[in-house]
Amino acid sequence: MKAIVATDQTAEAAGITLAERPEPTPAINDVVVEVHASGFVPAEWEWPSTWVDRAGHDRAQAIIGHEFAGVVTSLGYGTTGLSLGQRVFGITDWHRDGTLAEYAAVEARNLAPLPGNVDFTVGASLPISGLTAWQGLFQHGRLRAGQSVLAHGAAGAVGSVVTQLARDFGAYVIGTGRAADRQSALDFGANEFLDLDDGDLDDIGGVDVVFDVIGGDVQRRSAGIIRPGGTLVSVVGPVEARPVDGLAVDFVVESVPSQLVEIVDRVRDGRLRTHIGTVATLDDAVPALNPTERRKGKTVIRVRP
């Protein structure tokens, strides 16, 4: 089968290639999925699991990508809850071969049904961005209706979902980003927008939850505006700065099928829309995943037409 594999850690996106790999076979409690579309997160180059397995051994020619939508074609021994021919979407294990391939082996417990009226491209754009936003806001941020949220990167793949979910939940959302992102952030539902290149976070006043996708100095300055009892939620690694009277949480997103169902239901009824930027075929995936300029939104690779 065709697959996109990582060959050179130092080269990052420049060190990937389209290659032929054996089709996977399902282990116990696995399914094999015929991949129709796969999303991609550029930060994957920084994840240790891209380059080494759980024992610390090098992963040679690892297939990249971990979120996808497709159709179940094979069931492993003991697999329950899914059936052959079923449309599914979700996230694969970080240490296993991924989804930028014609087929992928996935633990059944990581998958949720994909409704027939949701396109595979849309389905593949949801798992990582949607679950990151959901878990950051509701599990770790403990968001309550009426609170305020500072959503960094509010026009990005994750930030746009954070903005929409928080507004739908009854929060007041302040989006941040570059000046060119202002209208997109407002269109996704931000109540107001701060240009990080030209504005001052201190002018915002206090907020209950900061959702950080940037880190560094922006994170440090954000910690100072969190109200007592509030939470700084980070998806960029260990927190460098903590609120004076609040919590700081960094987390790695997990595949939770019940949450995927909540997310896709919101797509179906119009409360949530995805921010898909680049769409390319598997044959054209290498240049799409190694862009020469900044691209907005989620990159999705259509594995099948």
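These numbers were taken from a predicted model, which means no experiment stands behind them.

Turning our attention to helix 2 (residues 127-140). Across the 14 residues that make up helix 2, a large majority, 11, are buried. Three or more residues of helix 2 are buried, namely Pro127, Ile128, Ser129, Gly130, Leu131, Thr132, Ala133, Trp134, Gln135, Gly136 and Leu137. Arginine 142, located one to two residues past helix 2, shows a positive phi value of around 50°.

Another aspect to go through is the pattern of salt bridges. This structure, assessed with the given rule, holds 18 salt bridges. Among the salt bridges present, the one from aspartate 97 reaches arginine 59, with a minimum N-O distance of 3.5 Å. Separated by 38 residues along the polypeptide, aspartate 97 in the loop between strand 6 (87-91) and strand 7 (103-107) and arginine 59 in the loop between strand 3 (30-40) and strand 4 (62-63) bring together distant segments of the chain. Among the residues examined, arginine 59 registers a relative accessible area of 13% and is labelled buried. Residues joined in a network through salt bridges with shared partners are Asp168, Glu262, Arg266, Asp269 and Arg271.

When you line up the elements, glutamine 86 lands in the loop between strand 5 (67-75) and strand 6. Reaching out from glutamine 86, the side chain makes a polar contact with the backbone nitrogen of serine 83 at a distance of 3.0 Å. Excluding its chain neighbours within four sequence positions, the residues that come into contact with glutamine 86 are Gly70, Val71, Val72, Gly81 and Pro113.

Attention now goes to the domain arrangement of the protein. Under the domain assignment, the protein is made up of domain 1 (2-127 + 255-302) and domain 2 (141-250). Between domain 1 and domain 2, the residue contacts involve 9 residues of the former and 13 residues of the latter. It is Arg273, His275 and Arg294 in domain 1 that bury the most area against domain 2; as a group they hold 50% of the surface buried on that side. At the boundary of domain 1 with domain 2, the tally comes to 3 salt bridges. A salt bridge links arginine 271 to aspartate 168, with the nearest nitrogen and oxygen atoms 3.3 Å apart. Put simply, domain 1 and domain 2 have 4 residue pairs in polar contact (both at pLDDT 80 or more) between them. The class makeup of the residues in the side of domain 1 that touches domain 2 is 1 nonpolar, 2 polar and 6 charged.

Let us now look at empty space enclosed by the protein. With a probe scaled to a water molecule rolled over the atoms, the places where space remains empty come into view. Scanning all chains against the criterion turns up 1 cavity of 30 Å³ or more. Its volume calculated, the largest cavity comes out at about 60 Å³. Along the walls of the largest cavity sit Ser125, Leu126, Ser129, Gly130, Ala157, Ser160, Val161, Leu272, Arg273, Thr274, His275 and Lys298, which together make up its complete lining. Contributing elements (two or more residues each) for the lining of the largest cavity: helix 2 and helix 3 (157-168). Here the lining of the largest cavity takes 3 residues from helix 3, the largest share from any one element. Taken together, the residues that form the lining of the largest cavity break down as 4 nonpolar, 6 polar and 2 charged. Here the lining of the largest cavity gathers at least three residues from each of two domains, domain 1 (2-127 + 255-302) and domain 2 (141-250).

Now for the sheet that holds strand 4. One key point about sheets: their strands pair by backbone hydrogen bonds, in either a parallel or an antiparallel sense. In spatial order, the strands read 2-1-4; together these 3 strands make up an open sheet with antiparallel pairing. Pairing within the sheet leaves two strands with one partner each, and these edge strands are strand 2 (16-20) and strand 4. Taken together, the 5 bridges between strand 1 (residues 2-6) and strand 2 define a ladder with antiparallel strand orientation. Bridged to valine 5 within strand 2 is threonine 17.

Mapping glycine 205 onto the fold places it in the loop between strand 11 (192-195) and strand 12 (207-212). Glycine 205 sits 101 residues away from alanine 104 along the chain, and the two C-alpha atoms are 47 Å apart.

Here the structure, examined in full by the defined rule, presents 4 aromatic pairs. Arranged with centres 5.4 Å apart and planes meeting at 55°, the rings of phenylalanine 40 and tryptophan 45 form a pair that is tilted. Since its relative accessible area comes to 8%, tryptophan 45 is described here as buried. Taken together, the ring pairs connect Trp134, Phe138 and Phe169 into an aromatic cluster. Sitting above the plane of the phenylalanine 120 ring, arginine 87 keeps its charged end 4.2 Å from the centroid. Over the ring of tyrosine 103 we find arginine 304, and its NZ or CZ is 4.9 Å from the ring centre.

Interhelical geometry of helix 2 versus helix 3 gives an angle of 50° and a closest axis separation of 8 Å. Comparing the axis directions of helix 2 and helix 3 gives the class oblique. Of the two possible hands of crossing, helix 2 and helix 3 adopt the one that is right-handed. On helix 3, the residues touching Ser129, Gly130, Thr132, Ala133, Trp134, Leu137 and Phe138 of helix 2 are Ala157, Val158, Val161, Val162, Leu165 and Ala166. Tallied by class, the residues present in the contact of helix 2 with helix 3 amount to 10 nonpolar, 3 polar and no charged.

Calculation rules
- Residues numbered from 1 in each chain as written.
- Predicted model: local features only at pLDDT ≥ 70, side-chain atom pairs only at ≥ 80, totals over all residues.
- Heavy atoms only, no water.
- Buried < 20%, exposed > 50% of the residue type's maximum accessible area, 1.4 Å probe, protein only.
- Helix = DSSP H or I, 4+ residues; strand = E, 2+ residues; numbered from the N terminus.
- Salt bridge = Lys/Arg side-chain N within 4 Å of Asp/Glu carboxyl O.
- Polar contact = N/O pair within 3.5 Å; in protein donor to acceptor, adjacent residues only side chain to side chain.
- Contact = heavy atoms within 4.5 Å.
- Domains from an automatic or database assignment.
- Buried area = accessible area lost by both parts, 1.4 Å probe.
- Nonpolar A, V, L, I, M, F, W, Y, C, P; charged D, E, K, R; others polar.
- 1 Å grid on protein atoms, 1.4 Å probe; cavity = no way out; pocket = protein on both sides within 12 Å on 5 of 7 lines; lining within 4 Å.
- Points joined across faces, edges and corners; volume = space filled by probe spheres on them.
- Pairing = 2+ DSSP bridges.
- Phe/Tyr/Trp six-rings, centres within 6.5 Å; stacked < 30°, edge-to-face > 60°.
- Lys NZ or Arg CZ within 6 Å of the ring centre and 35° of its normal.
- Axes fitted to C-alpha atoms, helices over the stretch in contact; angles between N-to-C directions.
- Parallel < 35°, antiparallel > 145°, perpendicular 65-115°, else oblique.
- Left-handed = near helix turned anticlockwise from the far one by under 90°.

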